[in-house]
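Residue-level structural notes
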Amino acid sequence: MIDLTRRQFHRLALGSAATLALPSVSNAQTGEILHAKEGTAQLAPSQYPETQIWGYNGTVPGPVIRANQGARIDRLFKNDLPQASSVHWHGIRIENAMDGVSGITQAAVAPGGDFRYGFTLPDAGTYWYHPHNRSFEQMARGLYGALIVDEDTEAPEVDRDEIMLIDDWRLNGRAQIDPDFENMHDWGHGGRLGNVATVNGERKYTLEVSHNARLRLRLINTANARIFEIIARGLDGWVVALDGMPLETPQALSKTVLAPAQRADLIVDITAANGEKASLISDDGASRYTLATFDVKRTERAKRLGMPKALPANPVSSIKDLTAAHQADLLIQGGAMGSGMMMTMLRQLISRGKVWTFNGRAELGEKPLIEVERNETIRIAMTNDTAWPHGMHLHGHHFRHVKANGTMGPLRDTILMNPKERVEIAFVADNPGDWLLHCHMLEHSEAGMITWLRVT
Ligand code: C2O
Ligand code: CU
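So, a few notes on the structure that sits alongside this text. (Residues numbered from 1 in each chain as written. Chains lettered and ligands numbered in written order. Predicted model: local features only at pLDDT ≥ 70, side-chain atom pairs only at ≥ 80, totals over all residues. Heavy atoms only, no water.)

Moving on: empty space enclosed by the protein. For the structure shown, the criterion picks out three cavities of 30 Å³ or more. A volume near 60 Å³ is recorded for the largest cavity. Tallied by class, residues from the lining of the largest cavity come to five nonpolar, two polar and four charged. In this model, the second largest cavity occupies a volume close to 40 Å³. Lining of the second largest cavity is provided by H88, W89, G91, I92, D99, H393, L394, H395, G396, H397, H398 and D413. At the level of secondary structure, the elements contributing two or more residues to the lining of the second largest cavity comprise β5 (88–90) and β24 (390–394). Across the lining of the second largest cavity, the residue classes break down as three nonpolar, seven polar and two charged. (1 Å grid on protein atoms, 1.4 Å probe; cavity = no way out; pocket = protein on both sides within 12 Å on 5 of 7 lines; lining within 4 Å. Points joined across faces, edges and corners; volume = space filled by probe spheres on them. Nonpolar A, V, L, I, M, F, W, Y, C, P; charged D, E, K, R; others polar. Helix = DSSP H or I, 4+ residues; strand = E, 2+ residues; numbered from the N terminus.)

Now for the coordination of the copper ion (ligand 2). Listed as protein donors to the copper ion (ligand 2) are H390 (ND1), C439 (SG) and H444 (ND1); their distances from the metal cover 2.0 to 2.1 Å. Here the donor residues of the copper ion (ligand 2) are spaced in sequence according to H-x48-C-x4-H. Each member of the pair, C439 as well as H444, is classed as buried. (Donors = N, O, S within 2.8 Å, 3.2 Å for Na, K, Ca; no water. Buried < 20%, exposed > 50% of the residue type's maximum accessible area, 1.4 Å probe, protein only.)

To continue, consider the side chain of T51. As for its position among the elements, T51 is in strand β2 (residues 51–56). For T51, a relative accessible area of 0% translates into the label buried. Reaching out from T51, the side chain makes a polar contact with the backbone oxygen of A175 at a distance of 2.6 Å. Each residue touching T51, except ones within four places of it in the same chain, is listed here: G39, T40, A41, L43, L171, A175, Q176 and I177. (Polar contact = N/O pair within 3.5 Å; in protein donor to acceptor, adjacent residues only side chain to side chain. Contact = heavy atoms within 4.5 Å.)

In terms of nonpolar packing, the biggest core is built from 86 residues, with W89, F119, I380 and M392 touching the most fellow members. Not counting residues up to four positions away in its chain, the partners in contact with W89 are L34, I65, I94, M98, D99, Y117, F119, W128, Y129 and L147. Core analysis: the second largest hydrophobic core is formed by 32 residues, L258, L266, A278 and L280 among them. (Core = buried A, V, L, I, M, F, W, Y, C linked by side-chain atoms within 4.5 Å.)

Further remarks concern the pattern of salt bridges. Counting across every chain of the model gives 33 salt bridges. Between D269 and R304 there is a salt bridge whose closest N-O contact spans 2.9 Å. You can see D269 sitting in strand β17 (residues 263–270) and its partner R304 sitting in the loop between β19 (288–299) and β20 (326–334), a full 35 residues away along the chain. You can call D269 buried: its relative accessible area is 0%. On the basis of relative accessibility, which here comes to 32%, the residue R304 falls in the partly exposed class. E424 serves as the salt-bridge partner of R379, at 2.5 Å between the closest nitrogen and oxygen. (Salt bridge = Lys/Arg side-chain N within 4 Å of Asp/Glu carboxyl O.)

With that out of the way, let us pick up the sheet that holds strand β15 (residues 245–252). Ordered by their spatial adjacency, six strands build an open sheet running β10-β9-β12-β17-β14-β15, and the pairing between neighbours is mixed. Looking at which strands have only one partner, the edges of the open sheet turn out to be β10 (196–199) and β15. Averaged over all neighbouring strand pairs, the angle between strand axes comes to 25 degrees, with direction disregarded. Two strands pair when backbone bridges link them, and strand β9 (residues 160–169) and strand β12 (residues 214–221) are joined in this way by seven bridges, in the parallel orientation. Note that in β12 the partner of M164 across the bridge is L219. (Pairing = 2+ DSSP bridges. Axes fitted to C-alpha atoms, helices over the stretch in contact; angles between N-to-C directions.)

Of note, K204 is situated in the loop between β10 and β11 (205–211). In the structure, K204 is positioned 88 residues away from A292 in sequence and 6.5 Å away in space, judged by C-alpha atoms.

Put into structure tokens, the structure is as follows:
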């Protein structure tokens, strides 16, 4: 008998069942529709009404899109929202034309319109998709979903693979989404912070698990602006990947800090005893609440499994010579309580709906931050001269943090910068096109924290 892992077996079983039910499963793959439209979700406690949301296929989160590394994704995006939209495939090292950035790689898809996305998946890992047009409103209304790419080989041995899209909603007293999206106070401070947290669209997300079961948890922060700091109770394990990319060595789990758009793949064992509960708790010092509860109902095995192997590396070009890198500086200024900017300048910005600047400008502009030929190395020194943390996201590439002592951090597509911090990132610009670099706190990027790079 072929020795399949449980997950491979699961995939195979699902695949053959689908083939039996739908003879045209491969056509279904190319013909599938991603339909942005209005829907409802029970986000608030049950004594409140359902919340009107915008969702892919009308649900929040949208459908899980899942395929093997190296496979192709084809989706016809149909926009039935009252507003133009687009789909960005966050973290996928994608062909530029499919990056979904309205105004840069495509025109926004008008209400009633459609756009065909098709691309291959170079890397395994945990990714996600969301609009890239008025994202600060559209994502606050619920437009997002997981995009999971399964390892070609050597997938980790786990009993379960669970996706957790963590969101932060701002609801009013009738449990409806607060429509005050363009609130300049939010834009100039920490962004739009909410009052209800959900996992996969549920306020009290619960899973039934077994004692000593091994789970892969794929955490995705889909919030507009909330930084989640997550601690585990009754489960323990390792971080095995960040922003989709495997760590060279799994790291013992402690607090998991996720800026907006960041992901962490955890491999954990349920250490809580049969009959007890384990949980993931959000605790940022100011407030503390349970994000997910794991009800331990059985025993999977008598003893915990050993430390997992690292996930197989993705084929990302490695940085060979930092000294030959093309350099750019990015000075981040503005916002409330900022020191770097003159009051008169800030007032002038606010009159244009902007609050932040990159190198003194608040609009994208005609000229890229840096332009290089394909396969050159880029090094960007970002200085956060503001009183706020920012989660900086680069499109089309993963980068490494070049630390002050010269060592390099793990591959990421989004990096959290603390107030007054200077962070250098470096990457091989091997993906041609025009790529955004912006804060993923969506109010911040709308208010000026956005620039772009050109790889020719
Ligand atoms: Cu997740 Cu420019 O986006
Ligand atoms: Cu920011």
